[in-house]
Amino acid sequence: MQHRKELIEQNASKIRALLPDMDVGIYSAGLNSKQVEQDIVCAGIQSVYKQAHTLGARHLVIIDECHLIPKDGDGMYRTFLKELQEINPRMRVIGLTATPYRTGEGHLCDGDGLFSKVVYETSIAELIHNGYLSPITNRISKTKYDTSSLHIRGGEFIESELQALFTDYSKIKLATDEILATTYDRKSVIIFCCGIAHAAMVSEILGGEVITGETPAKEREQILSEFKDGKTKYLCNCDVLTTGFDAPNTDGVVILRSTMSAGLFVQMVGRGMRTCEGKSDCLLLDFGQNLFRHGPLNAIDYGQAKQVRESGGDPPTKTCPECGEQVFASAKVCYCGHEFPERELKHEIIADQRSEVLVKPEVCLVNNWHWTRHKKIGSPDSLRIRYYLAGNLDTVDEWVCLQHEGFAKKNAVKWWTKHCEDALDNIFDLESEKNQDADIIDAAISWKEQGYVRRPCELMISKEGKYNRIINRRFDSTQRNEIPF
């Protein structure tokens, strides 16, 4: 399920590439296609929500961009799902989103909404480290917009006031001059504006293209195609390219507007985080103080409803003594390469932490580790591993769910494969029927004590609220003891 025809075509194409032996159909009035017999059907909710009976018995419904579903009410999605479940009561529903929250409503799984729990999640930092997302860097905008006088209605800035602030021509000229100077070495830059008139003014000065909800379909298709092919450098838009737009070549994102929606902000930034050959990172220019308003994208409380105080003040900065550039007060290294002394950071990093794009992970050396059994009422026992570290952190804990089922068990198998691949079959053979009395956790600890499990030499740790999460690890070349098969 998708809510826009561009996403329907895009997802159908990706599924066909991944599953060439499967028959994939499309159901969308906008694409002039109503296929219902295929194994997999990519459908637009607006077209299909009253036609669920034509699809027959379906086992699984996957809803893309599921943060768009209202928490309550009898909208199109619920109408559609209710009819499908009458045909097959055992049907399951999965939602996919990079932003599992709605402005002013909190997490999608809170309360009595459509979704009951998160079954899989990963962090932005982990995806970047593993090469699934592009690294992103941000620079302070010199052009300042004072949002303190803007009023809020329905959880968002009043559109007319926002447009009046950002369409001031003198500010537009300053902002576009800065965009041109800062993105001179970028190839494909998306600019998010706060109105059709605003997008047109910015595009005219930059010499780029503009796309809005009023752009004719054929013209829109040509503009997007030329941008993806690298023929257009600057692409201005107004509420069109915020969700699901796939242009991996995008290496610059400019937010030339303010928003109270944490979800909208991360969706806009996300347009530049797709990976592409020859692309080292994506540059973010935020003119709307959105980073300072919402905080790092991978913060543990990002997107949760919270009181935000608008002010005309700017995030704290300092001047580089080498090049004179303004940088965030917490920056350790300037864009020119100058390294700031440690004493300059201690009193400024807390005040400035909300203006960073991501909470940066820390790499720690591992001095030792200790394995114990962890008991929790109502759940199977797990293996608790405490790492003793060198650096700012003393210890960090990790739980390996060897005796659990489902997703937790799959993660435990992956963990064991990394640390003791040769012994994988042996350790999990303890769960076979002929070994019902054996204890897999005791066996795992025994193997570790005999030196058959390799210990990581470094951990990459992400700070998520009051918790520390291990997102990656590195092993040295030291060989573990030979395993006695």
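Structure: see above.
Here's what I pulled together on the structure shown here. (Residues numbered from 1 in each chain as written. Predicted model: local features only at pLDDT ≥ 70, side-chain atom pairs only at ≥ 80, totals over all residues. Heavy atoms only, no water.)

What follows covers the overall build of the protein chain. Along its length, the protein chain carries 14 helices and 22 strands. Taken across its 485 residues, the protein chain has 46% of its residues classed as buried. Long-range pairs, those at least 24 residues apart, make up 63% of the contacts in the protein chain with a sequence separation of at least 6. As displayed, the protein chain has an accessible area near 25700 Å², and 49% of this comes from carbon and sulfur atoms. (Helix = DSSP H or I, 4+ residues; strand = E, 2+ residues; numbered from the N terminus. Buried < 20%, exposed > 50% of the residue type's maximum accessible area, 1.4 Å probe, protein only. Contact = heavy atoms within 4.5 Å. Areas by Shrake-Rupley, 256 points an atom, 1.4 Å probe, with all protein chains shown as cover.)

We now examine the sheet that holds strand E3 (residues 40-43). Reading across the sheet, the three strands line up as E2-E1-E3 and stay open at both edges, with mixed pairing between neighbours. Of all strands in the sheet, those bounded by a partner on one side alone are strand E2 (33-34) and E3. Inspection of the sheet shows strand E1 (residues 24-28) paired to E2 by two bridges, in the antiparallel sense. Residue pairing across strands places Tyr 27 opposite Lys 34, the latter belonging to E2. Packing of helix H1 (residues 5-18) onto the sheet brings it into contact with E1 and E3, and relative to E1 it is tilted by some 175°. (Pairing = 2+ DSSP bridges. Axes fitted to C-alpha atoms, helices over the stretch in contact; angles between N-to-C directions.)

Further remarks concern helix H5 (residues 159-166). Inspection of H5 places Leu 162, Leu 165 and Phe 166 among the buried residues, and these make up the whole buried set. Considered in projection along H5, the buried side chains sweep an arc of 85° and stay on one side of the axis. Along H5, exposed side chains directed more than 90 degrees from the buried face belong to Ser 160 and Ala 164. Along its buried surface, H5 packs onto strand E10 (156-157), helix H6 (169-182) and helix H7 (196-206). (Arc of directions from axis to C-beta.)

With that settled, the discussion passes to the sheet that holds strand E15 (residues 282-286). Read across the sheet, six strands follow the order E8-E15-E14-E11-E13-E12 without closing on themselves; strand pairing throughout is parallel. Two strands lie at the open edges of the sheet, namely strand E8 (136-139) and strand E12 (209-211), each paired on one side alone. For this sheet, the mean inter-axis angle between neighbouring strands, taken without regard to orientation, is 20°. Where E8 meets E15, four bridges bridge the pair, whose relative direction is parallel. By the bridge assignment for E15, Thr 137 is matched with Leu 283. Where H6 meets the sheet, its contacts fall on E8, strand E13 (234-237), strand E14 (252-255) and E15, and the angle it forms with E15 comes to roughly 165°. The strands that H7 touches are strand E11 (189-192), E12 and E13; relative to E13, the one it contacts most, it runs at about 170°.

The subject of this paragraph is the pattern of salt bridges. Two side chains that carry opposite charge are able to pair once their charged atoms sit near each other. Here the structure, examined in full by the defined rule, presents 16 salt bridges. Between Arg 186 and Asp 185 there is a salt bridge whose closest N-O contact spans 3.9 Å. When its relative accessible area of 14% is taken as the criterion, Arg 186 is described as buried. Residue classification places Asp 185 among the partly exposed residues on the basis of a relative accessible area of 48%. Residues Arg 474 and Glu 458 are paired through a salt bridge, measuring 3.1 Å at the closest nitrogen-oxygen approach. Taken together, the residues Arg 474 in strand E22 (residues 467-474) and Glu 458 in strand E21 (residues 458-464) connect sequence positions 16 residues apart. A single network of salt bridges, built from pairs that share partners, joins Arg 373, Lys 375, Asp 381, Asp 439 and Asp 442. (Salt bridge = Lys/Arg side-chain N within 4 Å of Asp/Glu carboxyl O.)

Look at H6 against H7: their axes get within 10 Å of each other, and the N-to-C directions meet at 50°. Classified by the angle their axes make, H6 and H7 are oblique. In the packing of H6 onto H7, the handedness of the crossing is right-handed. On H7, the residues touching Tyr 169, Ile 172, Thr 176, Ile 179 and Leu 180 of H6 are His 198, Met 201, Val 202, Ile 205 and Leu 206. Its residues assigned to classes, the contact of H6 with H7 comprises eight nonpolar, two polar and no charged. (Parallel < 35°, antiparallel > 145°, perpendicular 65-115°, else oblique. Left-handed = near helix turned anticlockwise from the far one by under 90°. Nonpolar A, V, L, I, M, F, W, Y, C, P; charged D, E, K, R; others polar.)

Once that is clear, we can look at H6. Its 14 residues give H6 an end-to-end C-alpha distance of 20 Å, which sits within 8% of 20 Å, the value for a rise of 1.5 Å per residue. Every buried residue of H6 is listed here: Ile 172, Ala 175, Thr 176, Glu 178, Ile 179 and Thr 182. Across the axial projection of H6, the buried residues extend over an arc of 160°, all falling on one side. Elements that come into contact with the buried residues of H6 comprise E8, H5, H7, E13, E14 and E15. (Expected span 1.5 Å × (residues − 1).)

Attention now goes to unusual backbone geometry. The phi dihedral of Asn 32 is positive, around 55°, even though this residue is not glycine. Mapped onto the elements, Asn 32 comes out in the loop between E1 and E2. Given a relative accessible area of 74%, Asn 32 falls into the exposed group. Unlike most non-glycine residues, Glu 65 shows phi in positive territory, near 55°. On the secondary structure map, Glu 65 appears in the loop between strand E4 (60-64) and helix H3 (76-87). Glu 65 sits in the buried class, given a relative accessible area of 9%.

Moving on, we get to the side chain of Asn 472. Among the structural elements, Asn 472 can be located in strand E22. Its relative accessible area of 17% is what places Asn 472 among the buried residues. There is a polar contact of 2.9 Å between the side chain of Asn 472 and the side chain of Asn 130. Not counting chain neighbours up to four residues away, the residues in contact with Asn 472 comprise His 129, Asn 130, Glu 458, Leu 459 and Met 460. (Polar contact = N/O pair within 3.5 Å; in protein donor to acceptor, adjacent residues only side chain to side chain.)

Looking at chain direction, strand E19 (residues 379-390) and strand E20 (residues 395-400) are connected through six bridges and run antiparallel. Bridging across to E20, Tyr 388 finds its partner in Thr 395. Connecting the antiparallel pair E19 and E20 is a turn made up of four residues, with Gly 391 showing a positive phi of about 135°.

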